[in-house]
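# Observations on the model geometry
Chain by chain, the residues:
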Amino acid sequence: MYDPTHLRTFLAVAQTLSFTQAARRLGLRQSTVSQHVRRLEEAAGRQLFARDTHSVELTGDGEAMLGFARRLLEVQEQAAAYFSGTRVRGRLRFGASEDFVLTRLPEILEGFRYDHPEVDLELTVELSGTLHERLAEGKLDLVLAKRRPEDPRGRLVWRDDLVWIGAERLRLDPDRPVPLIVYPPPGITRARALEALEAQGCPWRIVCTSGSLNGLIAAARAGLGVMAHSRRLIPPGLVRVPDRTGLPELGRIDFVLTHGHRRGPAEEAANALADAVLAGGERLRRRGG
């Protein structure tokens, strides 16, 4: 009933909320992406996206289709692997940024290990900047992390707003430097926060530095200061700092998948995991539980 090609296109649009970005990811024309979505909507008999000239959002039926599309594609891929007799195998060194500690990434990795039991998966959780450095050094095969705005590498998983967050009871004194909770260098959100404050001429002071997301969260919950964080991944117990505080805007941040340069089994395994992450991209925006 539902064409797998149309389902993959639907997932790409749902994850990027952009027909243009989905077309780039899939290597298709934007008109082709629109055609695939339209045909899927015709097959379902429901509107899956609410779109205008400025934005694209999933409808309620679109949200429901997400789960069905993922399961249908997963079953098809499992059947294809079974009957083709091909098995993905080898050692895969995968790096994920701290941002995904509290998301449903473990569920995606569990599904990958179930589908590809002969892959020896090694997981490294680190700062995005450190992961990109290790990838460039050939120490990792695939990285899921934030990307610097000037960096064109990687396949876009989703784009999000970077916002200031802190404890709900936190009150910033306009006459004192902004208290910052940050990752150590080369943290990407650290660099963005400092650049934004410097550009606006806001004095600041670092009150907590930690290489662990849990350490940063603990400091923020204690009311020590504010931190820059993805809007869709705000941890429990913390809230977005109101605009009236006058803190500068931080812009948007890209979360991308970037491949290493190893060929052979490692490349095949990296491609398989990348497909699993892209297919389950919507789950990455939700906290684990």
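For clarity, every value in this text was computed on a predicted model and none was experimentally measured.

### A closer look at the pattern of salt bridges
Applying the stated criterion across every chain yields a total of 14 salt bridges. Between glutamate 41 and arginine 51 there is a salt bridge, and its shortest N-O distance comes to 3.5 Å. Linking glutamate 41 in helix 3 (residues 30-44) with arginine 51 in strand 1 (residues 49-51), this pair joins segments that are ten residues apart in sequence. Owing to a relative accessible area of 12%, glutamate 41 belongs among the buried residues under this scheme. Look at arginine 51 and you get partly exposed, because its relative accessible area is 40%. The partner of arginine 147 in a salt bridge is aspartate 254, and the shortest N-O contact between them spans 2.7 Å. Of this pair, arginine 147 sits in strand 5 (residues 142-147) while aspartate 254 sits in strand 11 (residues 252-259), placing them 107 residues apart in sequence. Its relative accessible area of 10% is what places arginine 147 among the buried residues.

### Here's the deal with the packing of aromatic side chains
Here a ring pair, both rings aromatic, is described through the centre-centre distance and the interplanar angle of the planes. All chains considered together, the criterion is met by five aromatic pairs. Ring centres 5.4 Å apart and planes at 50° place the aromatic pair phenylalanine 10 and phenylalanine 49 in the tilted group. With phenylalanine 10 in helix 1 (residues 4-16) and phenylalanine 49 in strand 1, this residue pair connects regions lying 39 residues apart in the sequence. Between phenylalanine 100 and tryptophan 158 the ring centres are 6.0 Å apart and the planes differ by 85°, which places this aromatic pair in the edge-to-face class. Of this pair, phenylalanine 100 sits in the loop between strand 3 (90-97) and helix 5 (105-115) while tryptophan 158 sits in strand 6 (residues 155-166), placing them 58 residues apart in sequence. These aromatic residues form a ring-pair network of at least three members: Phe10, Phe19 and Phe49.

### Things to note about empty space enclosed by the protein
Under the counting rule described, the total for this entry stands at three cavities of 30 Å³ or more. Here the largest cavity is characterised by a volume of approximately 60 Å³. If you go around the largest cavity, the residues you meet are Trp164, Leu180, Ile181, Val182, Tyr183, Thr189, Arg190, Ala193, Leu216, Val226, Met227 and Ala228. When residues of the lining of the largest cavity are traced back to their parent elements, those giving at least two are strand 7 (178-182), helix 7 (188-200) and strand 9 (227-230). Within the lining of the largest cavity, the residues separate by chemical class into ten nonpolar, one polar and one charged.

### Here we look at the layout of surface pockets
Empty space within the second largest pocket amounts to approximately 420 Å³. Lining the second largest pocket are 23 residues, with Arg171, Leu172, Asp173, Val241 and Thr245 positioned closest to its centre. At the level of elements, strand 7 and strand 10 (239-240) are the ones that each hand at least two residues to the lining of the second largest pocket. Of the residues contributing to the lining of the second largest pocket, the split by class is 14 nonpolar, three polar and six charged.

### Re the pairing of strand 5
With respect to burial, strand 5 is a largely interior element, six of its six residues being buried. Sheet topology places strand 5 next to strand 11; six bridges connect them, and they run antiparallel. Across the sheet, lysine 146 pairs through a bridge with phenylalanine 255, a residue of strand 11.

### Re a nonpolar patch on the surface
A cluster of nonpolar side chains, Val101, Leu123 and Val125, forms an exposed patch at the surface whose accessible area comes to about 220 Å². Secondary-structure assignment places leucine 123 in strand 4 (residues 119-126). Assessed through its relative accessible area of 46%, leucine 123 is described here as partly exposed.

### Comments concerning helix 8 (residues 213-221)
Among the residues of helix 8, those classed as buried are Leu213, Leu216, Ile217, Ala219 and Ala220. Here the buried residues of helix 8 occupy an arc of 165° about the axis, which is enough to place them on one side. Here the buried face of helix 8 lies against strand 7, strand 8 (204-209) and strand 9. Regarding helix 8, its N-cap is serine 212, as a side-chain oxygen of that residue lies 3.2 Å from the backbone nitrogen of asparagine 214 further along. After helix 8 finishes, the residue glycine 223 shows a positive phi value of roughly 80°.

The rules behind these values
- Residues numbered from 1 in each chain as written.
- Predicted model: local features only at pLDDT ≥ 70, side-chain atom pairs only at ≥ 80, totals over all residues.
- Heavy atoms only, no water.
- Salt bridge = Lys/Arg side-chain N within 4 Å of Asp/Glu carboxyl O.
- Helix = DSSP H or I, 4+ residues; strand = E, 2+ residues; numbered from the N terminus.
- Buried < 20%, exposed > 50% of the residue type's maximum accessible area, 1.4 Å probe, protein only.
- Phe/Tyr/Trp six-rings, centres within 6.5 Å; stacked < 30°, edge-to-face > 60°.
- 1 Å grid on protein atoms, 1.4 Å probe; cavity = no way out; pocket = protein on both sides within 12 Å on 5 of 7 lines; lining within 4 Å.
- Points joined across faces, edges and corners; volume = space filled by probe spheres on them.
- Nonpolar A, V, L, I, M, F, W, Y, C, P; charged D, E, K, R; others polar.
- Pairing = 2+ DSSP bridges.
- Patch = residues over 30% accessible without salt bridge, like charges linked within 9 Å, V, L, I, M, F, W, Y side chains within 5 Å.
- Areas by Shrake-Rupley, 256 points an atom, 1.4 Å probe, with all protein chains shown as cover.
- Arc of directions from axis to C-beta.
- Contact = heavy atoms within 4.5 Å.
- Polar contact = N/O pair within 3.5 Å; in protein donor to acceptor, adjacent residues only side chain to side chain.

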